[in-house]
Amino acid sequence: MMSMDTARVRAVVRKELRDYRRRRSIVVAMIILPVVFLIEPTLTVFLAPAGTNLQVPLLLLLLIPVVTPSTLAAYSIVGEREQGTMEPLLTTPLRQEEFILGKASAVMIPTLVLSYAVFGLFLAVVRIFAKSAASTAVFHQGPVLLAIALLTPLMAGWAVIVGMAVSVRASEIRVAQQLGMVASFPPLVAVILLALGVFHPSVRVALLFAGVLLLIDARAVPLVSRMFDRERLVTGKKADRPRGAIGMWRGRAD
Amino acid sequence: MREVTLAQQAAVVVDRLTKCFGERTAYSEVSFEVAHGEVFGFLGPNGAGKTTMVRTLGTLIEPSSGTATVAGIPLAPDNAVEIRQHVSIMPEAPGLYLRLTVSENLEYFAGLYGLHQPAARIRDALDAVNLGDRAGDLCGGLSKGLRQRVGLARTLLSDPVVMFLDEPTSGLDPVATREVHNLITNLRQSGTTIFLTTHRLEEAERLCDRVAILNTTLRTVGRTEDLRAQLFTKTLVVQTLEPLGDPGRLFTGIPGVDGWRSDGPGSYVLSVPDPRRVAPEVTRGLVAAGADVVSIGEAKHSLEDVYLELVDEDVEARGQ
């Protein structure tokens with residue numbers, strides 16, 4: 001088992017966050033998307049007649065941690081290649097697991113801050129401005145609110161890891177960002193299935209989802225690290241490993 | 001060809017290293033050694049495999065066959081991080097984060113190398129490339145030459161045992177080029193081993209202790225003066241005011257002249273074993289024959305002559 005140097009991971013996170021702050025378009029896009037997803041649940045709570053099912057509109061909030069990081073995650077590795085910074089980076093002692101974890105963490109931090117901030121803002125607005133009946137209806141959706149709180153980091157983890165897996169393999173940024181949106185399909189399907197009543201939100205369903213996502217997220221960093229081929233990232237060509245020739249390099253991850 | 005006579009400890013040892021990309025061979029069966037503290041020039045035409053060799057030795061890409069030792073560490077996947085800890089590579093394009101400042105770029109890399117007292121190291125590195133007063137500038141606002149110098153400062157940060165510089169003066173103006181040359185000279189004095197790939201032959205001749213010429217295979221390796229001696233016979237160039245009446249009889253009669261040829265009216269090239277010893281004999285012979293001597297001098301072959309001779313041989317061989 002290779003040791004992971006947390007100082008190097010922190011260096012990647014620090015640099016990434018610094019870089020995001022200097023890109024106004026990234027900051028604006030990251031703020032706009034969650035606000036868009038806030039519109040439907042807010043309108044439903046304020047305008048829909050009493051007795052309207054609030055589960056599905058509330059579950060739309062779960063798409064925020066999926067959609068928000070997809071662009072950044074998809075950009076993370078192919079972006080380094082396109083701006084010519086990948087090669088100098090690969091000449092340092094940075095291991096690929098450290099690089100992937102650092103990049104993933106740097107996307108996760110603003111995603112979680114924004115997702116929870118928007119979620120909190122929504123609850124605060126409902127509590128303060130909505131009619132008493134509507135407010136009570138929202139705060140009585142225990143399993144849904146629990147699911148949102150519990151699944152937000154796991155959903156974000158899923159989106160980040162899918163986006164980065166695409167970014168490792170993609171040859172250009174636009175392709176990576178389009179394919180990165182694929183990450184939002186499974187959660188979207190889950191929300192549609194809930195809306196169609198195929199299964200009902202409950203604590204048990206929320207915990208089951210959380211368990212599955214936790215398993216996927218936990219295995220994802222080593223998985224994406226294995227997809228990280230230094231030679232392909234530098235030369236654009238996959239490492240040519242003749243069978244039985246110089247096997248020492250096969251499957252190694254440094 | 002394998003170089004065997006070197007200082008006791010080699011900073012880089014390459015033994016029959018080959019790299020293929022599918023059907024295409026980048027370099028084949030290359031062997032050489034680089035001594036500690038040496039400035040080693042790695043020359044060759046475009047596509048000769050120079051950059052691929054640097055990337056291989058820097059553990060960015062893997063060799064197809066052969067072995068190597070870099071900074072005393074065998075080139076193997078388990079040693080890749082350790083090798084990268086002891087070497088630094090400056091690619092042809094500096095690859096800076098343009099939205100970060102000069103010092104933020106270096107701070108990032110100092111973090112990746114796990115350097116202690118990074119602020120002091122960054123200051124020293126920037127001072128070494130005369131960029132101490134530009135630390136707060138955004139890299140996106142710097143000229144190409146200044147970016148190249150930031151890239152150099154980055155390679156200095158980790159105090160590497162071996163420094164790989166891939167075309168460090170590519171695209172730089174003469175003043176910036178001279179600054180890079182001065183920096184390399186200073187690094188040599190401090191004992192850093194430098195592996196320099198370049199297209200600028202005068203740069204290699206001026207800076208490098210030894211050079212290797214690669215054209216997929218290693219064509220030659222050695223000191224430039226030794227390469228010149230290997231490839232070219234020693235010659236004296238004689239110029240007279242008027243063409244000689246019977247140059248054949250005159251030159252063959254002078255002791256030490258092995259052969260001669262005319263190189264234009266009043267210009268003659270003489271093959272001699274020792275130009276310094278034979279030149280006075282030739283002068284006396286010419287004066288005795290009544291020739292008006294304009295000049296007599298030893299023909300100097302540059303590294304460019306060596307390079308072109310070897311690369312032209314390859315072109316001719318491929319043509320056949």
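Chemist: I tried to follow the overall build of chain A on my own but got confused; where do I start?
Modeler: The secondary structure content of chain A amounts to 13 helices and zero strands. Each helix (α) and strand (β) of chain A, taken in turn from the N terminus, gives the series α-α-α-α-α-α-α-α-α-α-α-α-α. Dimensions of chain A along its principal axes, counting C-alpha atoms only, are 70 × 40 × 30 Å.

Chemist: Can you walk me through the packing of helix H5 (residues 70-82) of chain A against helix H9 (residues 142-169) of chain A in this structure?
Modeler: The description of two packed helices rests on the angle between their axes and on the distance between the axes. Residue and element names in this part refer to chain A. Close contact between H5 and H9 brings their axes to 7 Å; oriented N to C, the two are set at 35°. In terms of crossing hand, the pair formed by H5 and H9 is right-handed. Contact with H5, carried on its side by Ser 70, Ala 73, Ala 74, Tyr 75, Ser 76, Ile 77 and Val 78, involves Ala 159, Val 160, Gly 163, Met 164, Val 166, Ser 167 and Val 168 of H9 and no other residues of that element. Grouping the amino acids of the contact of H5 with H9 by side-chain chemistry returns ten nonpolar, four polar and no charged.

Chemist: It is not clear to me how the nonpolar core should be interpreted in this structure. Could you clarify?
Modeler: A general tendency of soluble globular proteins is for nonpolar side chains to be buried together. The biggest cluster of nonpolar side chains holds 131 residues, and the ones touching the most others in it are Met 164 of chain A together with Ala 153, Phe 164 and Phe 195 of chain B. Counting eleven residues, the second largest nonpolar core, distinct from the first, contains Val 238, Trp 260, Val 278 and Val 282 of chain B.

Chemist: Explanation requested: the interface of chain B and chain A in the structure shown.
Modeler: Size of an interface: often given as the accessible area lost when the parts come together. Contacts between chain B and chain A engage 33 residues on the former and 33 residues on the latter. Looking at the side of chain B that touches chain A, the elements with two or more residues in it are strand E1 (10-21), helix H2 (80-86), strand E6 (87-90) and helix H3 (102-112) of chain B. Across the side of chain B that touches chain A, the residue classes break down as 18 nonpolar, nine polar and six charged.

Chemist: Help me out: how do you make sense of the domain arrangement of chain B in this one?
Modeler: Partitioning chain B into domains gives domain 1 (10-226) and domain 2 (233-298). The centre of domain 1 of chain B, based on its C-alpha atoms, is set 46 Å off from the matching centre of domain 2 of chain B.

Chemist: Could you clarify how one ought to interpret the environment of Arg 84 of chain B in this entry?
Modeler: Position of Arg 84 of chain B among the secondary structure elements: in helix H2. C-alpha separation for the pair Arg 84 of chain B and Leu 57 of chain B, spaced 27 residues apart in sequence, amounts to 9.4 Å. In contact with Arg 84 of chain B, other than residues within four places in its own chain, are Thr 91, Thr 92 and Pro 93 of chain A together with Gly 58 and Thr 59 of chain B.

Chemist: When you look at the packing of helix H1 (residues 6-22) of chain A against helix H7 (residues 96-129) of chain A in this model, what are you seeing that I'm missing?
Modeler: Residues and elements named next belong to chain A. Remark: H1 packs on H7, axes separated minimally by 8 Å, with the N-to-C direction vectors making an angle of 45°. Taken together, the axes of H1 and H7 are oblique relative to one another. When you trace H1 past H7, the crossing you get is right-handed. Across the interface between the two elements, Arg 8, Val 9, Val 12, Val 13, Glu 16, Leu 17 and Tyr 20 of H1 pack against Glu 98, Phe 99, Leu 101, Gly 102, Lys 103, Ser 105, Ala 106, Ile 109 and Pro 110 of H7. Taken together, the residues of the contact of H1 with H7 sort by class into ten nonpolar, two polar and four charged.

Chemist: What should I look at first to understand the sheet that holds strand E3 (residues 39-43) of chain B in this one?
Modeler: Sheet strands associate in pairs through backbone hydrogen bonding, adopting either a parallel or an antiparallel arrangement. Residues and elements named next belong to chain B. Read from one edge to the other, the open sheet built from six strands follows the order E6-E7-E8-E3-E9-E10, with strand pairing classed as mixed. Either end of the sheet is taken by a strand with one partner, and the two such strands are E6 and strand E10 (217-222). Averaged over neighbouring strand pairs, the angle between their axes works out to 15° when direction is ignored. As defined by bridge partners, E3 adjoins strand E9 (residues 210-215) across four bridges and the pair is classed as parallel.

Chemist: What exactly am I supposed to notice about the sheet that holds strand E11 (residues 235-240) of chain B here?
Modeler: Residue and element names in this part refer to chain B. The four strands are arranged E12-E13-E11-E14 in an open sheet whose pairing can be described as antiparallel. The open sheet is flanked by strand E12 (259-262) and strand E14 (293-298), the only strands paired with a single partner. For this sheet, the mean inter-axis angle between neighbouring strands, taken without regard to orientation, is 20°. Here five bridges tie E11 to strand E13 (residues 267-271), and the two strands are oriented antiparallel to one another. Along E13, the bridge assignment pairs Leu 236 with Leu 270. Lying over the sheet, helix H10 (residues 275-288) contacts E11, E13 and E14, oriented at roughly 165° with respect to E14.

Procedures and definitions
Residues numbered from 1 in each chain as written. Chains lettered and ligands numbered in written order. Predicted model: local features only at pLDDT ≥ 70, side-chain atom pairs only at ≥ 80, totals over all residues. Helix = DSSP H or I, 4+ residues; strand = E, 2+ residues; numbered from the N terminus. Axes fitted to C-alpha atoms, helices over the stretch in contact; angles between N-to-C directions. Left-handed = near helix turned anticlockwise from the far one by under 90°. Contact = placed C-beta atoms within 7 Å. Nonpolar A, V, L, I, M, F, W, Y, C, P; charged D, E, K, R; others polar. Core = buried A, V, L, I, M, F, W, Y, C linked by C-beta atoms within 7 Å. Buried ≥ 20, exposed ≤ 12 C-beta atoms within 10 Å, placed from the backbone. Domains from an automatic or database assignment. Parallel < 35°, antiparallel > 145°, perpendicular 65-115°, else oblique. Pairing = 2+ DSSP bridges.

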